[in-house]
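An overview of the molecular structure
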Amino acid sequence: MEELQGELSKRGELIISQEPYVSVANNSSTDSKCEKADWKLHRLECQVFSHLDKDRRKSITSSIRLMVKLYLRQKLQSENVLPVSATDNYNLVAALVSHMSDIDETRLVLYAQMANLVSLILQWPSINLKEIAENFSRLACNAHTICDSELRPMGTGLYPIISIINHSCLANAVLIFEGRLAVVRAVQHIPKGTEVLISYIETAGSTITRQKALKEQYLFNCTCPRCVKVGQFDDIQESAVLEGYRCKDGVCNGFLLCASDNKAFVCQACGLVRDKEEVRKVASEVKLLKEKASLLFSSGNHVESISIYKMVEELQKKLCHPLSIDLTQTQEALLKDHVDFCILLPELYLSSLKSKAYFKGVGKMLLMELKDWKEALAYCRLTIPVYERVYPGYHPLRGLQYYTSGKLEWFLGETDNAIKSFTKAADILRITHGTNTTLVKDLLIKLEEARAEASYKPMAEDENSRPSLSFADMQ
C-alpha cells in the first residue's frame, strides 16, 4: 500500500483532513446538513430507492446503501453534474487495495449476492457485477466508522486519501471526525519523511487478539514494534494480564500460565495452581450472564441490567486478573448503565408526578440519584488504571475517560479532584481533537469554572453557589 509521509509534524498538529467520497448514517434518519451539502446526490438516491417497496427499503443494509451512493456519485461526476478534483474522484477509489485474491469463497459468494442486489436497485443495463463485488471488498478493507467527538459510532464513510495511511498498533497519529470530516493529527513528534501511521482497530488487547482482528478485517499481518514482540516473555505476561485469569490467592496479583499437563493454570508469582475445569465453568456462567445483561440494557431495562452486570462483575473479580480487559468492559458497562439511569431519572420523576406514584417522595428519589452518580464515579475510577496501562499517553479514549471522571467528580462536589481530571483530559484531548472543537471548548470552560469555584470556596462555603452540571452535560 502507498505510504503517507509527513512534513515535520508536532504533537497535536493537523496532518491531513478529507470529506468522504460517500457516507451513510447508522440509522434510517438523515442529517439535514448532509442532505443540503449533497442535494444532487441525495435526490438521485431517493429516486433509485423509490421503486422498492417499503419493507425492502427497510431491509437495505448500510453497506448496500454506501455502494449505491458510490455508483451514483461516480455517475454524477462523469456527467459533470458534480465537480471532480485531484482529491475527489472515483479513480482514487478504484486505486484502493481490494484483496480480492486473498478472501475466502464464502466472502466471495456474499459479495456476488450483494452486487446483484445493487444491480437490482440501480437497474443499469451495462453495470459490471464483478466490479461491484470487488468494490465491496474495497469497502471492507478501506471504509471508516464515522464517530462523534466521544468516539460513539454514527455512520460509515469512504475516505480514499485517508485510506492510504497504514496501520500501527503503536501509532504516531490519530483519526478523529468533526462531523463527516476525517481529521488526522499527530500524537507524537513526526520527523520529516517519517511514515504517518494510525490504528485501524481497538489496540487494548493482546498481540494475538490484535493480529487476529487485523487478519480477519484487513487481511494482513502487522509487524509494528508491538507485534514483533509476539511470543517474548513481556508479551506473554501482558497477554496473561489483559486476557487471562487471576491467582486463587485474593491478595496476589500474579498472572497465570497454563501448566505443562494443560489441565491447570499456575500463578507465576506464588506458584498456586488453579484447576482449568473450574475456570471454564465460571467463564461459561459469566458469558451467559453478560448476554442476558446486554439484552436487558438494549431493551431499556437499566435497573435489571445493572443488577445482572454486578453479578458478572463479582464473578469476574474471582476469575480475571484485576487489570483484565473483560473485567474493565463489565465495569464500563456498569458505568454507562448508571449514567444512563441517572439521566433518565428526571423523565421518570415527571411521569411519576402525573400518575401520583413517585418513589414515596422526592427525597427518596434524590438519594437514589446521588447513590447512582457515586457508583458511576466509582466504576469510572476502577477503569482508569486499565486505560492508563493499555492506551498510550495521547490516546483519545484515555482523555475521554478522564473527562467522564471529571464531570462526575464535579457533579458530586469533588471540585479539587474534578480539576485534576479535567486537566488530564484537556492535556490529551487538545492534542487528539484540536482546540477548536466543541468538545474541547466545553471541557476548557468546565475546567475554568471548576478552578474559579475552587478559589471561591475558601471565601464562602455556600454549596448552592457552586455551578452545577445539568443532566444534559453528563451525556
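Quick note: structure is the one above.
Residues numbered from 1 in each chain as written. Predicted model: local features only at pLDDT ≥ 70, side-chain atom pairs only at ≥ 80, totals over all residues. Heavy atoms only, no water.

**Some details on the sheet that holds strand 7 (residues 181-186)**
What counts here: What makes two strands pair is DSSP finding at least two bridges between them. Going along the chain from the N terminus, every DSSP run of H or I of four or more residues is numbered as a helix, and every run of E of two or more is numbered as a strand. Axes here mean lines fitted to C-alpha atoms, for a helix over just the part in contact, with angles spanning 0 to 180 degrees between N-to-C directions.
Read from one edge to the other, the open sheet built from 3 strands follows the order 1-7-6, with strand pairing classed as antiparallel. Two strands bound the open sheet, and with one partner strand each, they are strand 1 (14-18) and strand 6 (173-178). Taken over all neighbouring pairs, the strand axes of this sheet differ in orientation by 20 degrees on average, direction set aside. Examined bridge by bridge, strand 1 and strand 7 share 4 bridges and lie antiparallel to one another. Bridge pairing in strand 7 links isoleucine 16 to valine 184.

**With respect to the packing of aromatic side chains**
Test applied: What counts as a ring pair is set by centres within 6.5 Å for rings of Phe, Tyr and Trp (its six-membered ring), and what kind of pair is set by the plane angle: stacked under 30 degrees, edge-to-face over 60, tilted for all other angles. Lysine NZ or arginine CZ positioned within 6 Å of the ring centre and within 35 degrees of the ring normal marks a charge as sitting over the ring.
This model, assessed by the stated rule, comprises 10 aromatic pairs. Measuring from ring centre to ring centre gives 6.0 Å for tyrosine 403 and phenylalanine 422, while their planes differ by 65 degrees; the resulting arrangement is edge-to-face. With tyrosine 403 in helix 14 (residues 396-411) and phenylalanine 422 in helix 15 (residues 415-433), this residue pair connects regions lying 19 residues apart in the sequence. Joined through ring pairs, the aromatic side chains of Tyr200, Tyr218 and Phe220 make up one cluster. Sitting over the ring of tryptophan 124, lysine 75 keeps its end group 5.7 Å from the ring centre.

**So, the nonpolar core**
Definition in use: Side-chain atoms within 4.5 Å are what join buried Ala, Val, Leu, Ile, Met, Phe, Trp, Tyr and Cys residues into a set we call a nonpolar core. Each residue is assigned to one of three classes by its accessible area relative to the maximum for its type, calculated with a 1.4 Å probe on protein chains only: buried under 20%, partly exposed between the two thresholds, exposed over 50%. The contact criterion used is simple: two residues touch if any of their non-hydrogen atoms lie within 4.5 Å.
The biggest cluster of nonpolar side chains holds 38 residues, and the ones touching the most others in it are Val68, Leu70 and Phe136. Residue assignment for this core shows that the elements contributing at least two residues are strand 2 (22-25), helix 2 (39-50), helix 4 (62-78), helix 5 (90-94), helix 6 (105-122) and helix 7 (129-142). Per element, the largest residue contribution to this core is 8 residues, and it comes from helix 4. Once residues within four sequence positions are removed from consideration, valine 68 is found in contact with Val48, Phe49, Val118, Ile121 and Leu122. Counting residues in each nonpolar core, the second largest holds 31 residues, with Cys252, Ala293, Leu315 and Leu334 among its members.

**Points about the packing of helix 2 against helix 4**
Inclusion rule: In these notes the angle categories are as follows: under 35 degrees is roughly parallel, over 145 is roughly antiparallel, 65 to 115 is roughly perpendicular, and the rest is oblique. In this scheme the handedness of a crossing depends on how the near helix is turned from the far one: anticlockwise by less than a right angle means left-handed, clockwise means right-handed. Ten residue types, Ala, Val, Leu, Ile, Met, Phe, Trp, Tyr, Cys and Pro, are classed as nonpolar, four, Asp, Glu, Lys and Arg, as charged, and the remainder, Gly among them, as polar.
Packing of helix 2 against helix 4 leaves a shortest axis separation of 10 Å and a crossing angle of 120 degrees. It follows that helix 2 is oblique to helix 4 by the angle criterion. Taken as a pair, helix 2 and helix 4 cross one another with a handedness that is right-handed. Across from Lys40, Leu41, Leu44, Glu45, Val48 and Phe49 in helix 2, the residues of helix 4 making contact are Arg65, Val68, Lys69, Leu72, Arg73, Lys75 and Leu76. Counted by class, the contact of helix 2 with helix 4 contains 7 nonpolar, no polar and 6 charged residues.

**Things to note about helix 4**
Applicable threshold: The length a helix should cover is 1.5 Å for every residue beyond the first.
The terminal C-alpha atoms of helix 4 lie 24 Å apart, and with 17 residues this matches the ideal 24 Å at 1.5 Å per residue to within 8%. Within helix 4, 12 of the 17 residues are buried, which leaves the element mostly enclosed by the surrounding structure. Taken as a whole, helix 4 has its buried residues at Ile64, Arg65, Leu66, Met67, Val68, Lys69, Leu70, Tyr71, Leu72, Arg73, Leu76 and Gln77. On the buried face of helix 4, the contacting elements are strand 2, helix 2, helix 5, helix 6, helix 7 and strand 4 (153-158). Asparagine 80 lies just past helix 4 and shows a positive phi near 60 degrees.

**Remarks on the pairing of strand 4**
Sheet analysis places strand 2 next to strand 4, joined by 4 bridges and oriented antiparallel. Within strand 4, the residue paired with valine 24 across the bridge is threonine 156. The pairing of strand 3 (residues 144-147) with strand 4 spans 4 bridges and is antiparallel. Opposite isoleucine 146, over in strand 4, you have glycine 155 as the bridge partner.

**Here we look at the pattern of salt bridges**
Threshold: Throughout this description, the term salt bridge denotes a Lys or Arg side-chain nitrogen within 4 Å of a carboxyl oxygen of Asp or Glu.
The tally for this structure, following the rule as stated, stands at 18 salt bridges. With a closest N to O distance of 2.9 Å, glutamate 375 and lysine 310 form a salt bridge. One end of the pair, glutamate 375, is in helix 13 (residues 362-390); the other, lysine 310, is in helix 11 (residues 302-319), with 65 residues separating them in the sequence. We note a salt bridge from arginine 381 to glutamate 414, for which the minimum N-O separation is 2.6 Å. Pair noted here: arginine 381 is in helix 13 and glutamate 414 is in the loop between helix 14 and helix 15, with a separation of 33 residues, a long-range link.

**Quick look at the packing of helix 10 (residues 276-298) against helix 11**
Following both chains from N to C, one finds helix 10 and helix 11 inclined at 160 degrees, their axes separated by 9 Å at the closest point. The angle between helix 10 and helix 11 places the two elements in the roughly antiparallel class. In the crossing of helix 10 with helix 11, the sense of the turn from one axis to the other is left-handed. Between helix 10 and helix 11, the contacting residues are Val279, Val282, Ala283, Glu285, Val286, Leu289, Lys290, Lys292, Ala293, Ser294, Leu296 and Phe297 on the first element and His302, Glu304, Ser305, Ile308, Tyr309, Met311, Val312, Leu315, Gln316 and Leu319 on the second. Counted by class, the contact of helix 10 with helix 11 contains 14 nonpolar, 4 polar and 4 charged residues.

**Things to note about the sheet that holds strand 4**
Reading across from one edge, 2-4-3 is the order of the 3 strands in this open sheet, with antiparallel pairing throughout. Looking at the sheet topology across the chains shown, the edges are occupied by strand 2 and strand 3. Sheet twist, expressed as the mean angle between neighbouring strand axes with direction ignored, is 30 degrees. Relative to the sheet, helix 4 contacts strand 2 and strand 4, its axis offset from that of strand 2 by approximately 145 degrees.

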